[in-house]
Amino acid sequence: FFFYICFYYEISLRKRSAQNPATPTMSPALSTLAILTLFFAVHVEGAVRGLDPKDLAEYTGAESFKCLDGSKQLSIDKVNDDFCDCRDGSDEPGTSACINGEFYCTNKGYNSLKVPSSRVNDGICDCCDGSDEWKLGVCEDICKETALEAYKDQIARIEVIKKGVKAKEALIREGEKMLKEKIAEKVEAEEKMKEIEERVNAAEELVAKLEAKEKPDNEAKEPDASETRLEASVQKAEPVKPGEPEKDFPYPKEYQAPKQEEEKFPYPKEYAAPTEGGDEKFPYPEEYAVPTDEKDDIDNIDEDEPEEPEEILEERKEETEELKKARDELRSIRSELDTWKESYNGANKFLQNLGEDHAFISMYHKCFERKARQYTYEVCLFKDAYQKEGGSRTRLGNFENFNQDSLTMEFKNGQTCWNGPARSMTVTLECGSQNELQHVDEPSKCVYRTTLKTPAVCDIKDAEDLEALMVKLSN
């Protein structure tokens, strides 16, 4: 429109110049046209080309422009002149002159976008409205079509979130019921532990009292330790063979018994008893002979350890019966205390791991599987993770922590890889209409990563935000 006005004005001036030679032939219309052309190269629909609307105040309302990093002061006609003057590239938001600049895509009807200035007028359509290729004009505005596709995806996403939120309500109800049970279990365990600890103290006092009572009697009946050692040494002492001097004889040698010569056997040799280790044959049928194994057992019997008489054992049993009963009772009470301690610790750990979100309570130690090639991956929330193949299992990690901000669960200290680190797994939780373990990746050696879609993390606010965005885009 302005171009035609200027052109008409230029023709009229030329006619007047022909009628009156004094009229200047140099028309200001051309200068006006040049100024307007420059203005439209810089400004588009009241905005600076390629500029984020929030920064517009820095570029309008003055005859000069100051680089956004404060490095230079320029005249306004230096903006978008296809020459980079500012170090931060702020003077060329709509051209590719500055390598560090950014071009703002308005993308009306869809999401706005920023692309590097180097992509401006490169023949490739980066903005759905085609504004990044303003000089070449090779791109059409497809923002409405793009928004329609995104609209369909967002509708499906909103539907998933709403279904997940409904399923989450059921999880919360189940979780609140389990929470009450676990709190009651913890309180009951605390009360029982106090009660049983009192019984343990009483039982320990009784055992100590009985031990003190029976100790003098036992000391009186038990032989002196020195006598026991002497008797044992006598039993274990080797007998002195006739004719041999006694070992370690404590007196002068003249008091030692004289050495006796071995008496010769006065009868023929055939009447002599066989020597030890001889090869004399058993004179009876073999079935009457003692089996070799039993013979070895008989030979191995230690004759130096005589068994105690039954009357002594019975006497000792009668003496400690009351004490034995007290000790058995103490062991029983301690075992009962350990059982309640285990119950208390389990309930306490349960409550600490889950935090304030009741939706996760019903998923405590629940397991989910995913088949991938020959492996089956199993993740048990707040417990452990495994990789299974046939009948074998490889532990990928034990539950370490749950970050409720990033919705990630860490499983660490799994089985060590051959020539590598201990296995570990990170599980990211995403909203889903039902519980479903997704594909398992191994981004680095023995480090695994997967996603679990679950209603437990669905939030109705996400659906409301998406609906508001769709309303905005439709306008």
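Residues numbered from 1 in each chain as written. Predicted model: local features only at pLDDT ≥ 70, side-chain atom pairs only at ≥ 80, totals over all residues. Heavy atoms only, no water.

1. Re the pattern of salt bridges
When their charged atoms lie close together, side chains carrying opposite charge are able to pair.
(1) Moving on: For the structure on display, the rule yields 16 salt bridges.
(2) Moving on: With its nearest N and O atoms 2.6 Å apart, the salt bridge here joins Arg 327 to Glu 211. Note that Arg 327 is positioned in helix H7 (residues 321-354) and Glu 211 in helix H3 (residues 143-221), a separation of 116 residues in sequence.
(3) Moving on: Residue Arg 327 is classed as partly exposed on the basis of its relative accessible area of 34%.
(4) Moving on: Relative accessible area serves as the criterion here: at 35%, Glu 211 is assigned to the partly exposed category.
(5) Moving on: Between Glu 369 and Lys 388 there is a salt bridge whose closest N-O contact spans 2.7 Å. You can see Glu 369 sitting in strand S7 (residues 367-372) and its partner Lys 388 sitting in strand S9 (residues 384-389), a full 19 residues away along the chain.
(6) Moving on: For Glu 369, a relative accessible area of 45% translates into the label partly exposed. (Salt bridge = Lys/Arg side-chain N within 4 Å of Asp/Glu carboxyl O. Helix = DSSP H or I, 4+ residues; strand = E, 2+ residues; numbered from the N terminus. Buried < 20%, exposed > 50% of the residue type's maximum accessible area, 1.4 Å probe, protein only.)

2. Observations concerning the state of the cysteines
(1) Moving on: Counted according to the given criterion, the structure contains 8 disulfides.
(2) Moving on: With a sulfur-sulfur separation of 1.7 Å, Cys 105 is cross-linked through a disulfide to Cys 127. Of this pair, Cys 105 sits in strand S5 (residues 102-105) while Cys 127 sits in the loop between strand S6 (113-116) and H3, and the two are 22 residues apart along the sequence.
(3) Moving on: Look at Cys 127 and you get buried, because its relative accessible area is 3%.
(4) Moving on: At a sulfur-sulfur separation of 1.9 Å, the disulfide partner of Cys 367 is Cys 380. For the disulfide bridge between Cys 367 and Cys 380, the dihedral angle about the S-S bond is near 105°, and by the sign convention the bridge is right-handed. Here Cys 367, found in strand S7, pairs with Cys 380, found in strand S8 (residues 375-380); they are 13 residues apart in sequence, far enough to count as distant.
(5) Moving on: The class of Cys 367 is partly exposed, set by a relative accessible area of 39%.
(6) Moving on: Looking at Cys 380, the relative accessible area reads 3%, which means it is buried. (Disulfide = S-S within 2.5 Å.)

3. Structural notes on the nonpolar core
(1) Moving on: The biggest cluster of nonpolar side chains holds 37 residues, and the ones touching the most others in it are Val 379, Leu 381, Phe 382, Met 409, Phe 411, Met 425 and Val 427.
(2) Moving on: Of all elements in the fold, only H3, S7, S8, strand S10 (392-403), strand S11 (408-413), strand S12 (424-431), strand S15 (447-454) and helix H8 (460-474) reach the threshold of two or more residues within this core.
(3) Moving on: Not counting residues within four places of it along the chain, the set of residues in contact with Met 409 comprises Leu 381, Phe 382, Phe 399, Asn 401, Phe 402, Met 425, Thr 426 and Val 427.
(4) Moving on: Counting residues in each nonpolar core, the second largest holds 14 residues, with Val 207, Leu 323, Leu 337 and Trp 340 among its members. (Core = buried A, V, L, I, M, F, W, Y, C linked by side-chain atoms within 4.5 Å. Contact = heavy atoms within 4.5 Å.)

4. As for unusual backbone geometry
Residues other than glycine predominantly adopt negative phi, and peptide bonds predominantly adopt the trans conformation.
(1) Moving on: In this structure, Asp 82 is a non-glycine residue whose phi angle is positive, near 70°.
(2) Moving on: Classification of Asp 82 by relative accessible area gives partly exposed; the value is 44%.
(3) Moving on: One non-glycine residue, His 365, adopts positive backbone phi at about 65°.
(4) Moving on: Inspection of the secondary structure assignment puts His 365 in the loop between H7 and S7.
(5) Moving on: Look at His 365 and you get partly exposed, because its relative accessible area is 35%.

5. Here we look at the packing of aromatic side chains
(1) Moving on: Per the counting criterion, the structure on display carries 8 aromatic pairs.
(2) Moving on: Their ring planes at 70° and their centres at 6.1 Å tell us that Phe 399 and Phe 411 sit as a pair that is edge-to-face. Here Phe 411 lies in strand S11 and Phe 399 lies in strand S10, a separation of 12 residues in the sequence. Each of the two residues, Phe 399 as well as Phe 411, counts as buried.
(3) Moving on: Each member of the aromatic cluster is reached from another via a ring pair, and the members are Phe 360, Tyr 364, Phe 382, Phe 399, Phe 402 and Phe 411.
(4) Moving on: Over the face of the ring belonging to Trp 134 we find Arg 49, whose NZ or CZ atom lies 4.2 Å from the ring centre.
(5) Moving on: Sitting over the face of the ring of Tyr 386, Arg 393 holds its NZ or CZ atom 3.8 Å from the ring centroid. (Phe/Tyr/Trp six-rings, centres within 6.5 Å; stacked < 30°, edge-to-face > 60°. Lys NZ or Arg CZ within 6 Å of the ring centre and 35° of its normal.)

6. Some remarks on a nonpolar patch on the surface
(1) Moving on: Residues Leu 148, Tyr 151 and Ile 155 make up a contiguous nonpolar surface patch of about 270 Å² in total accessible area.
(2) Moving on: Relative to the helices and strands, Leu 148 is located in helix H3.
(3) Moving on: The partly exposed category is assigned to Leu 148, whose relative accessible area is 46%. (Patch = residues over 30% accessible without salt bridge, like charges linked within 9 Å, V, L, I, M, F, W, Y side chains within 5 Å. Areas by Shrake-Rupley, 256 points an atom, 1.4 Å probe, with all protein chains shown as cover.)

7. A look at the side chain of Asp 132
(1) Moving on: Here Asp 132 is to be found in the loop between S6 and H3.
(2) Moving on: A distance of 3.0 Å separates a polar side-chain atom of Asp 132 from the backbone nitrogen of Asp 126.
(3) Moving on: Contacts of Asp 132, omitting those with residues within four sequence positions, involve Phe 103, Arg 119, Val 120, Asn 121, Ile 124, Cys 125, Asp 126 and Cys 127. (Polar contact = N/O pair within 3.5 Å; in protein donor to acceptor, adjacent residues only side chain to side chain.)

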